[in-house]
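Close look at the chain arrangement
So you can see what is in the structure, the chains are spelled out below.
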There are 2 protein chains.
Amino acid sequence: MRSVSVVGANMIRFGKNPKTLEEMGQEVVVGLLKDLNVDREKIDAVFGANVFGGHLPTQRVLKEIGMTGIPVFNVENACASGATAYHQAYQAIAHGIYDVALVIGVEKLTALGGGALPIPPNEIEGNHGIVMPGVYAMRAQRYLHDFNATSEDLALVSVKNRANGALNPYAQFQKPVTVEEVMSSRLIADPFTLLQCSANNGDGAAAVLVCATDRAKEFSDVSIKTEASVITSGLFKGGYRDLTWAEITYRAVNEAYQQANVKPEQIDMVEMHDAFTIAEVLYYEAMGFCEHGKGVEFLRDGKSQIDGQVAVNPSGGLISRGHPLGATGVAQIAETFWQLTCQAGKRQVKNPQYALTHVTGGGISGVDNGACGVHIFSAV
Amino acid sequence: MRSVSVVGANMIRFGKNPKTLEEMGQEVVVGLLKDLNVDREKIDAVFGANVFGGHLPTQRVLKEIGMTGIPVFNVENACASGATAYHQAYQAIAHGIYDVALVIGVEKLTALGGGALPIPPNEIEGNHGIVMPGVYAMRAQRYLHDFNATSEDLALVSVKNRANGALNPYAQFQKPVTVEEVMSSRLIADPFTLLQCSANNGDGAAAVLVCATDRAKEFSDVSIKTEASVITSGLFKGGYRDLTWAEITYRAVNEAYQQANVKPEQIDMVEMHDAFTIAEVLYYEAMGFCEHGKGVEFLRDGKSQIDGQVAVNPSGGLISRGHPLGATGVAQIAETFWQLTCQAGKRQVKNPQYALTHVTGGGISGVDNGACGVHIFSAV
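This structure is a prediction, so every number in the text was calculated from the model and none was measured.

Cut-offs applied
Sequence order as written defines residue numbering, which begins from 1 separately in each chain. Written order determines the labels here, with chains lettered from A and ligands numbered from 1. Whole-chain, interface and lining totals are the exception, using all residues; otherwise, since this is a predicted model, local features are given only for residues with pLDDT of at least 70 and side-chain atom pairs are given and counted only at 80 or more. Derived side-chain values reflect all non-hydrogen atoms in the structure, with water molecules and hydrogen atoms excluded from consideration. In this text, helices come from DSSP runs of H or I with a minimum length of four residues, and strands from runs of E with a minimum of two, each type numbered from the N-terminal end. For this measure, only C-alpha atoms enter the radius of gyration; the expected value for a globule follows 2.2 Å times N^0.38, where N is the number of residues. Here the term buried applies to any residue with accessible area under 20% of the maximum for its type, exposed to any over 50%, and partly exposed to those in between, with areas from a 1.4 Å probe on protein chains only. Every accessible area reported is derived by Shrake-Rupley at a probe size of 1.4 Å, with residue values counting cover from the shown protein chains alone. The charge count treats Lys and Arg as positive and Asp and Glu as negative. His and the chain ends do not count. Note that the charge is assigned to NZ on lysines, CZ on arginines, CG on aspartates and CD on glutamates. What pLDDT conveys is the predictor's confidence in a given residue, as a value from 0 to 100. Whether two residues are in contact is decided by their heavy atoms: any pair within 4.5 Å suffices. The buried area of a pairing is the accessible area, by a 1.4 Å probe, that goes missing from both parts when the two are put together, added over both. Only one rule defines a salt bridge in this text: a Lys or Arg side-chain nitrogen within 4 Å of an Asp or Glu carboxyl oxygen. We define a polar contact as two N or O atoms separated by no more than 3.5 Å, with the added condition that, inside protein, one atom must be a possible hydrogen donor and the other a possible acceptor, whereas residues neighbouring each other in sequence contribute only through side-chain atom pairs. Gly falls in the polar group here, along with every residue not listed as nonpolar (Ala, Val, Leu, Ile, Met, Phe, Trp, Tyr, Cys, Pro) or charged (Asp, Glu, Lys, Arg). Here, a strand pair is defined by DSSP locating no fewer than two bridges between the strands. Expected helix span is computed as 1.5 Å times (number of residues minus one). As used here, the arc is the angular range of directions from the helix axis to the C-beta atoms. In this description, a line fitted to the C-alpha atoms serves as the axis of each element, helices being fitted only across the stretch in contact, and the angle between N-to-C directions of two axes falls anywhere from 0 to 180 degrees. Should an angle lie under 35 degrees it is considered roughly parallel, over 145 roughly antiparallel, and from 65 to 115 roughly perpendicular; all remaining angles are considered oblique. By the criterion used throughout, a crossover qualifies as right-handed when its path from the first strand across the helix to the second strand runs clockwise, the strands pointing away from the viewer. A least-squares fit on C-alpha atoms brings the copies together, and the residues used are those whose pLDDT is at least 70 in both copies. In this scheme, a crossing is called left-handed if the near helix is turned counterclockwise away from the far one by less than a right angle; it is called right-handed if the turn is clockwise. Under the pairing criterion, centres of Phe, Tyr and Trp rings, with the six-membered ring standing for Trp, must be within 6.5 Å; the plane angle then separates stacked pairs below 30 degrees from edge-to-face pairs above 60, leaving the rest tilted. Both a distance and an angle decide whether a charge sits over a ring: NZ of Lys or CZ of Arg must be within 6 Å of the ring centre and within 35 degrees of the ring normal.

Points about the overall build of chain A
Broken down by element type, chain A carries twelve helices and twelve strands. For chain A, the C-alpha radius of gyration of 19 Å lies close to 21 Å, the compact-globule estimate for 380 residues. Counting only C-alpha atoms and orienting by the principal axes, one finds that chain A spans roughly 55 × 45 × 40 Å. Residues counted as buried form 66% of the 380 residues belonging to chain A. As displayed, chain A offers around 12900 Å² of accessible surface, 50% of which is attributable to carbon and sulfur atoms. For chain A, the centre of its 30 positive side-chain charges and the centre of its 39 negative side-chain charges are spaced 3 Å apart.

Structure representation (C-alpha cells):
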C-alpha cells in the first residue's frame, strides 16, 4: 500500500449563500487548482460528497469548468458523506488505482426551505419526531442525570467553539458567545438552546487535492499524510442502549488508532462532529481523551481548548463553521491540512503532529447513527 | 491485480411494487444469501446504488437484516448508478482492499408520484422541457433524417425486447407486442410512442455477490469473471454535436474492449441501455457491432436477436424489464450471471462466452449523458 497525501485545500465561507450548488462547487475547485497551478489533466478521478442536491451533483459542478470525461463518483453517507468520499479516494490511491484525485463536498441546505432535514419516508422514529435535536437531547438528559454535569456545562462547548469560530474566516458564525447568551437563546429541544445546536441553514463547499505521497512535491511544497482512514456503519442493535456512550465513534476511532499506530495521547487536534453540544462531550470520551463520564470535567478544565491537551474543533466545529452535510467532512480535512501545515492563522494549534477528523450521522433508527468516518493525518 | 468473480445473483420482478424500498432490498439480499448459504459475516463491505430514495438507502435496507457495523457505500451516478456500485466493488476486490462484497441496486420510482423524473433545480435544459424522452426523440429524428430508416424500424427494437421480456419472469412487461401495436400506442415525444419508451413507474431491486476469483468456489459451483470495468463521465462539449453518435458509450466501450482484450465480434450478448428504441440502435453502432448508420439494418436482419450475431437485451432490456434507475445496472449483471452460467431458462443465449453490460444516463446538459458504465464478463 502506498502512502497518500493531501497537497492542497480550499473552501468557501459556510452559511447562507446566494450561489447555486454548482457555483459553490466550482468556486472551490477552480480556486484550489489555480492556487496549486495544477493542470486538470493530471486529475485521474473525482469523488464528490452531497446528500440533498439531486442526481449527479459532482458532474454538475465539473461540467462548466471542463473537468469532464473522467471517472466521477457521487458518494452519500449522510453526515459522513465527505469522509466517505475522502476514504474512497484514499483507498483508490493507496492501492494504485489512481495517482491523483479530487475530493469535493458541497451542500445547499437553504434550498430545502428550512425546518428539520428531510427524513426517509419509512424511517418510523424520525417521522414520529425523533429527529436529530430530539435524539441528542435525550442523550444529553441522560448524561446530565448520570454524571455530575449541568446544562451550563454543555454550554461551554458552544462558548469554546464560537470563540474558535470567531478566528476562522470560513465559519458561518464568527461572533463569540457567553454562557449566559447560550443559555438565554431560545429552547430547541430541552436541554438544548439554539446556540447549542449546529445550524440547519448553511450552504457550503470544500475541496482537497489528494495524491500518492511520492508525487506530492509535484503539486505543492507542503502536504500532510493520511495515517488512517475508516468508514463504518451502525450496529442498530435492539433493546437497551447506553445513550451516554457513542458506540459507533468508539469503534471507528479505535480502528483508526490501530491503523495509524497512535494512541489518543498523541493526537494534537481533532475536528469532530459537534452537531450538538453534548456530542462533543460524548466524543471526548469515545475517543479516549478522558474517561467515560469525565467529558464535562475535561471541558471545564480547558483541555479541549486550542492551547489545551488536545485542540478540539479549532475551526469552530459544526457549531461555528455550520454543517452543510456533504461539505462538512471535506471541510474538516481542509482545516486539518491548514493546521498541520501551520497555515491556520489566528486559530493555529501550536506545532500539531497528529490530527484526527470525525463525522458521524444519519440517525435511521432512533439513537443509532447510520455511518461514521474517521481519519488520522500527520504533519510532514 | 486479482481476478474478480460474480458468484451469485438475485432480483425481484420489476414493476409497481407495494413493498417499501427497504423491503425490496431486503428481499433480494436475504434471498441471495440464503440461496448461496453464505454467512453474512463473510461480507467485507456493501456498495449500494440508488438515485431517488433519500439518504443512507443501503443502511436502511441492511439494518433490519443485521448486516451492520461494516463499511457501506451509497453510490449515485444517475442511470449508471448500479454499474458504478459494481465498479467500486470490483476495484476494491481487484486491488485487495476487500475479498467479498455485496452490490445492491434498489429504486422505488412509484414513490415519486409519476410524471417526468426529478430534474436538478439548476438544470436549465431539463427545466425547459429537454427531458429524456425529448432528448432521445431529437436523436431519433436526426437519425431518421440522416439514414435510411423509418419510425417503424425503430419499433422493431420494442418488438424484439418485448418478445425477450415475455420469456423473463423478472420483467415488468411480459407481453409480446407487434409493430402495429407499438405504432398505435399513444405518442410521447415524436417519433416515440409509449411502447418505444422504458417505463418510469417501475420499482425494483437486484443484488450480486462479488469476490476474489480464488475464493469463488467457497460460495458457489458456478461463477463468472470480470474482464473489464469502466466508469466515465460526459464531455459536455459545447457547440455542434452529432446527435446520431453515442460518444460516451463509444469511449467507455472501447476502454472496456482494451481492458478485456476482446473485439466486438467476440461479444456474444449485451445487456444495454435501451431507455428508448433509438438508444439501442445508436449503441449497436457505438459498440462496433455494425457501422455508423447501419444499426437499423443490423436490427432488421435479426442480428441482435437471442439467436443472432450478438444477443442484445435477452432479458428484454429496459423496455421490457423496466428501469428503476439504481437497480438497472445491477439487474444487468444478474442477467449476465444467469446467461453465462446457462441458468437463463427460456431466454438463454446459446453458450455465451463474453457478455457486455452497459448503462448510460443523467442528461445534465441537453443531449450529453453525465455518466456511463460498461462491464465485460466471461464464462468460466
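Quick look at the confidence of the model for chain A
Overall, the predicted model of chain A reaches an average pLDDT of 95, with 99% of residues at or above 70. Here the prediction assigns the complex a pTM of 0.97, and the interface score ipTM is 0.96.

Here we look at the interface of chain B and chain A
Across the boundary between the two partners, chain B contributes 47 residues, which contact 47 residues of chain A. Carbon and sulfur atoms make up 57% of the surface buried where chain B meets chain A, a total of about 3700 Å² over both sides. At the junction of chain B and chain A, the tally comes to zero salt bridges. On the surface where chain B and chain A come into contact, there are 23 residue pairs in polar contact (both at pLDDT 80 or more). Listed by contribution, the elements that provide at least two residues to the side of chain B that touches chain A are α1 (21-36), α2 (57-63), β3 (72-76), α3 (81-94), β8 (224-233), β11 (354-365) and β12 (368-379) of chain B. Of the residues belonging to the side of chain B that touches chain A, the class tally is 21 nonpolar, 21 polar and five charged. Strand direction decides the pairing type here: strand β3 (residues 72-76) of chain A and β3(B), joined by three bridges, are antiparallel. Looking at β3(B), one finds that A:Glu76 is bridged to B:Asn74.

Focus on the pattern of salt bridges
Summed over all chains, the structure comprises 28 salt bridges over all chains. A salt bridge links B:Glu218 to B:Lys42, with the shortest nitrogen-to-oxygen separation between them at 3.2 Å. Taken as a pair, B:Glu218 in the loop between β7 (203-212) and β8 and B:Lys42 in the loop between α1 and β2 (45-49) lie far apart in primary sequence, 176 residues in all. On the accessibility criterion, B:Glu218 (41% relative accessible area) is partly exposed. Taking relative accessible area as the criterion, B:Lys42 reaches 35% and is therefore assigned partly exposed. Salt bridges here are not isolated pairs; linked through shared partners, they connect A:Arg2, A:Lys42, A:Asp99, A:Arg215 and A:Glu218.

A few points about helix α8 (residues 247-260) of chain A
All names here are of chain A. For α8, spanning 14 residues, the distance from its first C-alpha to its last is 20 Å, which sits close to the expected 20 Å at 1.5 Å a residue. For α8, the complete set of buried residues consists of Ile-248, Thr-249, Ala-252, Val-253, Ala-256, Tyr-257 and Ala-260. Looking down the long axis of α8, one finds its buried residues gathered within 160° of arc, a one-sided arrangement. Just beyond α8, the residue with positive phi is Asn-261, at close to 55°.

Thoughts on the packing of helix α3 (residues 81-94) of chain A against helix α12 (residues 325-340) of chain A
All names here are of chain A. Axis separation between α3 and α12 bottoms out at 5 Å; the angle between their running directions is 60°. Considered as vectors, α3 and α12 are oriented oblique to each other. Between α3 and α12, the contacting residues are Ser-81, Gly-82, Ala-83 and Tyr-86 on the first element and Gly-326, Gly-329, Val-330 and Ile-333 on the second.

Some thoughts on α1(B)
Residues and elements named next belong to chain B. Between its terminal C-alpha atoms α1 stretches 23 Å, which fits the 22 Å expected from 16 residues at 1.5 Å a residue. Listed as buried for α1 are Leu-21, Glu-22, Met-24, Gly-25, Gln-26, Val-28, Val-29, Leu-32, Leu-33 and Leu-36. Looking at the buried residues of α1, the elements they touch are β1 (4-11), α2, β4 (100-108) and β7. Phi turns positive one or two residues past the end of α1, at Asn-37, with a value near 55°.

Brief notes about the pairing of strand β2 (residues 45-49) of chain A
Within a regular beta strand, the side chains point alternately toward one face of the sheet and then the other, so they alternate between its two faces. Residue and element names in this part refer to chain A. Of all five residues in β2, five are buried; the element is thus mostly enclosed. Here β2 shows a buried face lined by Ala-45, Phe-47 and Ala-49 and a second buried face lined by Val-46 and Gly-48. Bridge analysis of β2 against strand β4 (residues 100-108) gives five bridges, and the strand direction is parallel. By the bridge assignment for β4, Ala-49 is matched with Gly-105. Handedness of the crossover joining β2 and β3 through helix α2 (residues 57-63): right-handed.

Some points on the relation of the copies chain B and chain A
Superposing chain B onto chain A takes a rotation of 180° combined with a translation of 0.0 Å along the rotation axis, leaving an RMSD of 0.0 Å. Both copies are brought into coincidence by an operation consistent with a two-fold rotation axis. For chain B, the residue whose C-alpha comes nearest the rotation axis is B:Val75, separated from it by 2.5 Å. Mapped onto chain A, 100% of the interface residues of chain B again fall at the interface, so both copies present the same surface.

Things to note about the side chain of A:Thr193
Residues and elements named next belong to chain A. Turning to its location among the elements, Thr-193 is positioned in strand β6 (residues 192-193). From its side chain, Thr-193 meets the backbone oxygen of Val-182 in a polar contact 2.6 Å long. If near-sequence neighbours (up to four positions away) are discounted, Thr-193 is found in contact with Val-182, Met-183, Ser-185, Arg-186, Leu-187 and Ile-188.

A few points about the environment of A:Lys175
Residues and elements named next belong to chain A. In this fold, Lys-175 is placed in the loop between α6 (151-165) and α7 (179-184). When the C-alpha atoms of Lys-175 and Ile-376 are compared, they prove to be 29 Å apart, with 201 residues separating the residues in sequence. Setting aside its immediate chain neighbours within four residues, Lys-175 contacts Arg-162 and Glu-181.

Overview of the packing of helix α5 (residues 132-146) of chain B against helix α9 (residues 277-286) of chain B
Between two packed helices, what matters for the description is the angle formed by their axes and the separation of those axes. Residues and elements named next belong to chain B. It is at 9 Å that the axes of α5 and α9 come closest, and there the two elements cross at 60°. Crossing handedness for the pair α5 and α9: left-handed. Where α5 abuts α9, its residues Tyr-136, Arg-139, Ala-140 and Tyr-143 lie against Ile-278, Ala-279, Val-281, Leu-282, Tyr-283 and Glu-285.

Some points on unusual backbone geometry
Cis peptide bonds are those with omega within 30 degrees of zero, and the linkage from A:Asp190 to A:Pro191 qualifies with 15°. Mapped onto the secondary structure, A:Pro191 falls in the loop between β5 (187-189) and β6. Here the phi dihedral of A:Asn37 falls at roughly 55°; this positive angle occurs in a residue that is not glycine. Classification of A:Asn37 as exposed rests on a relative accessible area of 69%. In the Ramachandran plot, B:Cys342 falls in the positive-phi region, its phi being about 55° despite a non-glycine side chain. You can see B:Cys342 is positioned in the loop between α12 (325-340) and β11.

Some details on the packing of aromatic side chains
Going through the model one piece at a time under the given rule, you end up with 18 aromatic pairs over all chains. Ring geometry for A:Tyr170 and A:Trp338: centres 5.0 Å apart, planes at 5°, overall stacked. Here A:Tyr170, found in the loop between α6 and α7, pairs with A:Trp338, found in helix α12; they are 168 residues apart in sequence, far enough to count as distant. Seen from their ring centres, B:Phe47 and B:Phe73 are 5.0 Å apart, and the 20° between their planes marks the pair as stacked. Taken together, the residues span a long stretch of sequence, with B:Phe47 in strand β2 and B:Phe73 in strand β3 at a distance of 26 residues. In terms of burial, B:Phe47 and B:Phe73 fall into one category: buried. Here the aromatic residues A:Phe47, A:Phe73 and A:Tyr98 are joined through ring pairs into a cluster of three or more. The ring centre of A:Tyr136 lies 5.2 Å from the NZ or CZ of A:Arg139, which sits over that ring.

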